[in-house]
Amino acid sequence: MNPKLQVLPLLAILSLFFIGPIIIIFIVSFWDYTEFSLVPDFVFTNYVELFGSKVTYSVYINTLKFAGISWAITLLIGFTVAYFLAFHVRSLRWQIVLFLVCTIPFWTSNIIRMIAWIPVLGRNGLINKTLLSLGLIENPIDWLLYSDFAVILAFVHLYTLFMVVPIFNSMMRIDRSVLEAARDAGANGFQILFHVIGPLSRPGIAIGTIFVVSLIMGDFVTVQAMSGGQSASVGVAMNHKRALLQYPAAAADAVILLIVVLTMVAILMRTVNIRKEL
Amino acid sequence: MLKSTPNRSVSFYLMAIFFAIFIIFLYGPIAAIIVLSFQGPEGGLTFPLNGLSLKWFFELFGEQRVGDFKASFLRSMILASLVMILTVFISLSAGLAYRKKFQFSGTLFYITVASLIVPSILITLGIGLMFDRMGLESKWYTSGMGAHLTWTLPFGLLIMFAIFNRFDKVYEEAARDLGASPWQVLRYVITPIIGPSLVGVALFGFTLSFDEFARSLLAVGAQNTLPLEIFGMTTTVTTPTLYALGTLTTAVSLAIIGISFAVIVVLEKRRRRHGTDAGKGMI
């Protein structure tokens, strides 16, 4: 069968619902708008306003902060969990079972997983009640829910999986005789971890990083829901403009965000050949 | 070798504890809302439980007090099923194509990966704008389905790569040597071998669509899918009904996962009975 014919459905869907919309966004970002309608035009005002506004920079810094902190935590947890599964769990059956236990939440609703923090983190939630009854605090802690802390916690909760899976995959490909050789050559556990397993896990770390960073950079739901509307991200700002029907301004935002995210990913892609890693 | 290996190191126990805490972190909050969804009639959004009842589940199906749960649930089920079927067929077809060389295969691969990593808000904004400009009304089964496919197809194709990277071509070569047509090779050799993995693709297709929020937002039109409906409720509903909804949705997801795993196990067993271990993979 002709391979070109076989990829045609994929190409058609992606052209229509991915490339087409991106082109539309690009075009509309140069349009003008009034309070009620879009005015086809070729103006740079949307970009000028975007780069001229201090808010843009603070929103980007805030988003990068979310991405950076969440990335570091998901990497730390993801690497540890993957390491445990790959090197400490010794039977394949248990590896599969525990791996699935880690991945099942991925197939459930993100929105529900966010809501699920309310009874845990809220003013009258489990954590505050426990701390109060233990006498560790006198008043409930307010910053557990609807705060930057909650946003990062939710990101870690939702996306650590995206680190675990590719890093575990990389680790499972490491030839066990390499580790043996390192041990025979006199390396201790930490040296093996840092000089053998770490570098060999790099493709997995890169893929996990691509997922986590791009998901967080474009996020607006998690930030909006978990910060209770008190914190901003690029996505939240964009969605706000969209809600005010300032589509061209939102489109200009989107174009810049796309460039930022694709640049970050392009740099990360240089360190890994995704097709080979699957 | 496994059980006889002597004394586990301290680091094993430390990491096992870490892993256990991670699992509690992963499942704890969901467990909390599942318990709280059975909250008594007088109970609130937090612990302790004030008795037990099914009141909050009845509220969901009752006098439409909490949004249009039934209709949006039905829409999401239909949409997820359609997206699942399309994802399996389109991914399989593209996966087969990628076993050969063809022009622009690299470009198309990068476009597919880009479709995965481009921020969802761009997709949903772009599709919304595109339909608006073309004078078409956004519907969950047209623009909405397209938005979901931009999310499920990349996963589908990546899984197909993983499958075919582990696929031993000798079986289809043998079939071809015996005179099988390309269609017969696909139908009687390839599909049975990769069947369990295809169920995995289906699982991704269904659940990713069923739970999709960000890409749906501006693309589904006036009639909400379930996640959009739930998100709307987070700001308006202040009773455990919200948790009942969470419990129910999670139950559906778990049922789908359970069915998929059961089918995979059955297919694996059947395959093993027929005596080949080709295409053995983790997914």
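What counts and how
- Residues numbered from 1 in each chain as written.
- Chains lettered and ligands numbered in written order.
- Predicted model: local features only at pLDDT ≥ 70, side-chain atom pairs only at ≥ 80, totals over all residues.
- Heavy atoms only, no water.
- Helix = DSSP H or I, 4+ residues; strand = E, 2+ residues; numbered from the N terminus.
- Buried < 20%, exposed > 50% of the residue type's maximum accessible area, 1.4 Å probe, protein only.
- Lys, Arg positive; Asp, Glu negative; His and termini not counted.
- Charge placed at Lys NZ, Arg CZ, Asp CG, Glu CD.
- Expected span 1.5 Å × (residues − 1).
- Polar contact = N/O pair within 3.5 Å; in protein donor to acceptor, adjacent residues only side chain to side chain.
- Contact = heavy atoms within 4.5 Å.
- Patch = residues over 30% accessible without salt bridge, like charges linked within 9 Å, V, L, I, M, F, W, Y side chains within 5 Å.
- Areas by Shrake-Rupley, 256 points an atom, 1.4 Å probe, with all protein chains shown as cover.
- Salt bridge = Lys/Arg side-chain N within 4 Å of Asp/Glu carboxyl O.
- Buried area = accessible area lost by both parts, 1.4 Å probe.
- Nonpolar A, V, L, I, M, F, W, Y, C, P; charged D, E, K, R; others polar.
- Domains from an automatic or database assignment.

**Section: the overall build of chain B**
Next, step 1: Looking only at helices and strands, one finds ten helices and zero strands in chain B.
Next, step 2: Oriented by its inertia axes, the alpha-carbon framework of chain B measures out at about 70 × 70 × 35 Å.
Next, step 3: Here chain B holds 283 residues, and 54% of them are scored as buried.
Next, step 4: Chain B carries 22 positive and 15 negative side-chain charges, and their two centres are separated by 9 Å.

**What about helix α3 (residues 54–88) of chain A?**
Next, step 1: Its 35 residues place the ends of α3(A) 50 Å apart at the C-alpha level, agreeing with the 51 Å of an ideal helix rising 1.5 Å per residue.
Next, step 2: Structurally, the start of α3(A) carries an N-cap: the backbone nitrogen of A:Val55 is 3.1 Å from a side-chain oxygen of A:Ser53.

**A short note on the environment of B:Thr142**
Next, step 1: Its location among the elements puts B:Thr142 in the loop between α5 (120–133) and α6 (143–165).
Next, step 2: Judged by its relative accessible area of 31%, B:Thr142 is partly exposed.
Next, step 3: In this structure, the C-alpha to C-alpha distance between B:Thr142 and B:Ala219, residues 77 residues apart in sequence, is 8.8 Å.
Next, step 4: Those residues in contact with B:Thr142, other than ones at most four positions away along the chain, are A:Phe17, B:Phe131 and B:Glu137.

**Quick notes on the side chain of B:Thr150**
Next, step 1: Position of B:Thr150 among the secondary structure elements: in helix α6.
Next, step 2: A polar side-chain atom of B:Thr150 sits 2.6 Å from the main-chain carbonyl oxygen of B:Ala147.

**Some points on a nonpolar patch on the surface**
Next, step 1: A surface patch of nonpolar side chains, about 570 Å² in accessible area, is lined by B:Val35, B:Phe38, B:Leu49, B:Leu52, B:Leu54 and B:Phe58.
Next, step 2: When you line up the elements, B:Val35 lands in helix α1 (residues 10–36).

**Some points on the interface of chain B and chain A**
Next, step 1: Counting from both sides, the interface comprises 95 residues of chain B and, opposite them, 89 residues of chain A.
Next, step 2: Approximately 8,200 Å² of surface area, both sides summed, lies buried where chain B meets chain A, with 83% of it carried by carbon and sulfur atoms.
Next, step 3: Taken together, chain B and chain A are joined by zero salt bridges.
Next, step 4: Our count for the contact surface shared by chain B and chain A stands at seven residue pairs in polar contact (both at pLDDT 80 or more).
Next, step 5: Among the elements that line the side of chain B that touches chain A, the one with the most residues is α1(B), at 16 residues.
Next, step 6: By residue class, the composition of the side of chain B that touches chain A is 69 nonpolar, 20 polar and six charged.

**Points about the environment of A:Asn169**
Next, step 1: Within the secondary structure, A:Asn169 is located in helix α8 (residues 148–172).
Next, step 2: By relative accessible area, which is 24% here, A:Asn169 ends up partly exposed.
Next, step 3: Remark: the alpha-carbon pair of A:Asn169 and A:Gly204, spanning 35 residues in sequence, is separated by 6.9 Å.
Next, step 4: If we ignore the near neighbours within four places in the chain, the residues touching A:Asn169 are A:Glu277 and B:Arg166.

**Thoughts on the domain arrangement of chain B**
By a widespread convention, an interface's size corresponds to the accessible area lost as its parts come together.
Residue and element names in this part refer to chain B.
Next, step 1: Structurally, chain B comprises domain 1 (10–53) and domain 2 (69–273).
Next, step 2: Centre-to-centre, using C-alpha coordinates, domain 1 lies 30 Å away from domain 2.
Next, step 3: Counting residues at the interface gives nine residues for domain 1, matched by eight residues for domain 2.
Next, step 4: For the pair domain 1 and domain 2, the summed buried surface comes to about 720 Å²; carbon and sulfur atoms form 77% of the total.
Next, step 5: Looking at the side of domain 1 facing domain 2, the largest losses of area belong to Ile33, Ser37 and Leu45, adding up to 64% of the total buried there.
Next, step 6: Applying the counting criterion to the domain 1 and domain 2 interface returns zero salt bridges.
Next, step 7: Put simply, domain 1 and domain 2 have one residue pair in polar contact (both at pLDDT 80 or more) between them.
Next, step 8: Of the residues assigned to the side of domain 1 that touches domain 2, the class counts are five nonpolar, four polar and no charged.

**As for unusual backbone geometry**
Residues and elements named next belong to chain A.
Next, step 1: A positive phi angle, near 55°, is found at Tyr146, a position not held by glycine.
Next, step 2: Residue placement: Tyr146 occurs in the loop between α7 (126–133) and α8.
Next, step 3: With relative accessibility at 40%, the residue Tyr146 sits in the partly exposed group.
Next, step 4: You will see that Leu245, though not glycine, has its phi angle at about 65°, which is positive.

**Overview of the side chain of A:Asp219**
Next, step 1: The residue A:Asp219 is located in the loop between α11 (202–217) and α12 (221–226) in this model.
Next, step 2: No salt bridge is formed by the buried A:Asp219; the nearest opposite charge belongs to B:Arg215, separated by 11 Å.
Next, step 3: Of the polar contacts made by the side chain of A:Asp219, one reaches the side chain of A:Thr222; its length is 2.7 Å.
Next, step 4: Reaching out from A:Asp219, the side chain makes a polar contact with the backbone nitrogen of A:Val223 at a distance of 3.0 Å.

**Some details on the pattern of salt bridges**
Next, step 1: For the coordinates displayed, the defined rule picks out seven salt bridges over all chains.
Next, step 2: The partner of A:Asp253 in a salt bridge is A:Lys241, and the shortest N-O contact between them spans 3.3 Å. You can see A:Asp253 sitting in helix α14 (residues 247–269) and its partner A:Lys241 sitting in helix α13 (residues 234–243), a full twelve residues away along the chain.
Next, step 3: For B:Glu137, the salt bridge goes to B:Lys139, with nearest N and O atoms at 3.6 Å.
Next, step 4: The structure contains a network of salt bridges with shared partners spanning B:Arg99, B:Glu172 and B:Arg176.

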